[in-house]
Amino acid sequence: ANTSTNAQSDASIVIAKGTGKALAMTVDCNSKYVYANPEVGAMIAVAEAARNIVCSGGEPIGVTNCLNFGNPYDPEVYYQFVKSVEGMGAACRKFNTPVTGGNVSFYNQSEDGPVYPTPTIGMLGVLDSIHDKMTLDFKSTDSLIYMLGAHKDDIHCSDYLHHICGVTHSPAPSIDLEEEYAVQQKVLALIKDKLILSAHDVADGGLFIALLESAMPNGIGFTIQTNDAIRKDAYLFGEAQSRIVVSVAKEQQAAFEAHCAGIPFDKIGSTNASGTIEIDAASWGAVAEWKYQYDHVIEDQL
């Protein structure tokens, strides 16, 4: 019944039959962030869930949760739990997403210690019109690529820092709930006014992975220029929050930029018809090559 909504988007979209509306659903939590800073990490879990709903064209309306922790009689675990609840509460109040239910699971540990604190957020949103549905894929080979939200010189808790640099303990990524809310509201307005072609949040893996995930569905390449004021690895792979990648038709550029007044935004590049990736005039290979790794890395290790 919902095959028309199966195109890749940040949240799952399900048609509400007979209403012209749709539901948006997502589940989010990065336990590395919560382990680094339980309050900030839980805020980010809620913020990213809301960001996924918004990037798909929906308005966040409510939350359920699954709070997974170790032994609460361990003071460190109890601290993680209390601060996670406080962070989740602050973010839910900001996004006006009441917690309608959920569960708490304690004693998740072994002789090696407790699991990373994992306050998983399930969020529901509503699209007043199914025509507001937005997907993450680049649609055109000659569109402009913008990032909404501020670039930050921040690689804390990133997959890059953890897996490539081998730094397994670092602070949580930066987030400002006011900035996050402003960026999300702007994206919702851009979608309703039909000023963007795609929207995808910057999350695990950073900006490069967000761009790659937008490029892969249709094999459309992209060319971008990094910012000399920010170290290149942080620009491409940092996981600072409150950032969304959008693509814009060239004829909509002026209207789009005028609409974005009031929030940080930056034109970072454009799509191309060659199906290749170019960063700072250097080749990063073909989208198809990256997509093969993305799709087959597990089976190729077997």
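Cut-offs applied
- Residues numbered from 1 in each chain as written.
- Predicted model: local features only at pLDDT ≥ 70, side-chain atom pairs only at ≥ 80, totals over all residues.
- Heavy atoms only, no water.
- Pairing = 2+ DSSP bridges.
- Helix = DSSP H or I, 4+ residues; strand = E, 2+ residues; numbered from the N terminus.
- Axes fitted to C-alpha atoms, helices over the stretch in contact; angles between N-to-C directions.
- Contact = heavy atoms within 4.5 Å.
- Salt bridge = Lys/Arg side-chain N within 4 Å of Asp/Glu carboxyl O.
- Buried < 20%, exposed > 50% of the residue type's maximum accessible area, 1.4 Å probe, protein only.

(A) Representation of the sheet that holds strand β14 (residues 282-286) within the structure. Across the sheet, which stays open at both edges, the 7 strands sit in the order β9-β11-β8-β12-β10-β13-β14 with mixed pairing between neighbours. Of all strands in the sheet, those with a lone pairing partner are β9 (198-201) and β14, marking the two edges. For this sheet, the mean angle separating the axes of adjacent strands, direction not counted, is 25 degrees. In this sheet, strand β11 (residues 244-248) lies alongside β9 in antiparallel orientation, the contact comprising 4 bridges. Note on β11: the bridge partner recorded for Ser-198 is Ser-247. Across the sheet, helix α6 (residues 206-215) touches β8 (144-148), β9, β10 (221-224), β11, β12 (265-272), β13 (276-279) and β14, and the angle it forms with β10 is around 150 degrees.

(B) Region of interest: the pattern of salt bridges. One pass over the structure, following the stated rule, counts 12 salt bridges. Residue Lys-32 pairs with Asp-159 through a salt bridge whose shortest N-O separation is 3.0 Å. With a gap of 127 residues between them, Lys-32 in helix α1 (residues 31-36) and Asp-159 in helix α4 (residues 159-164) connect regions that are remote in the sequence. One salt bridge in this structure joins Asp-280 and Lys-232, with 3.2 Å as the shortest N-O distance. Here the residue Asp-280 occupies a position in the loop between β13 and β14, and Lys-232 occupies one in helix α7 (residues 232-237), the gap between them amounting to 48 residues. Accessibility expressed as a relative area gives 38% for Lys-232, which makes it partly exposed. Among the charged side chains, a salt-bridge network with shared partners connects Arg-51, Glu-180 and Asp-201.

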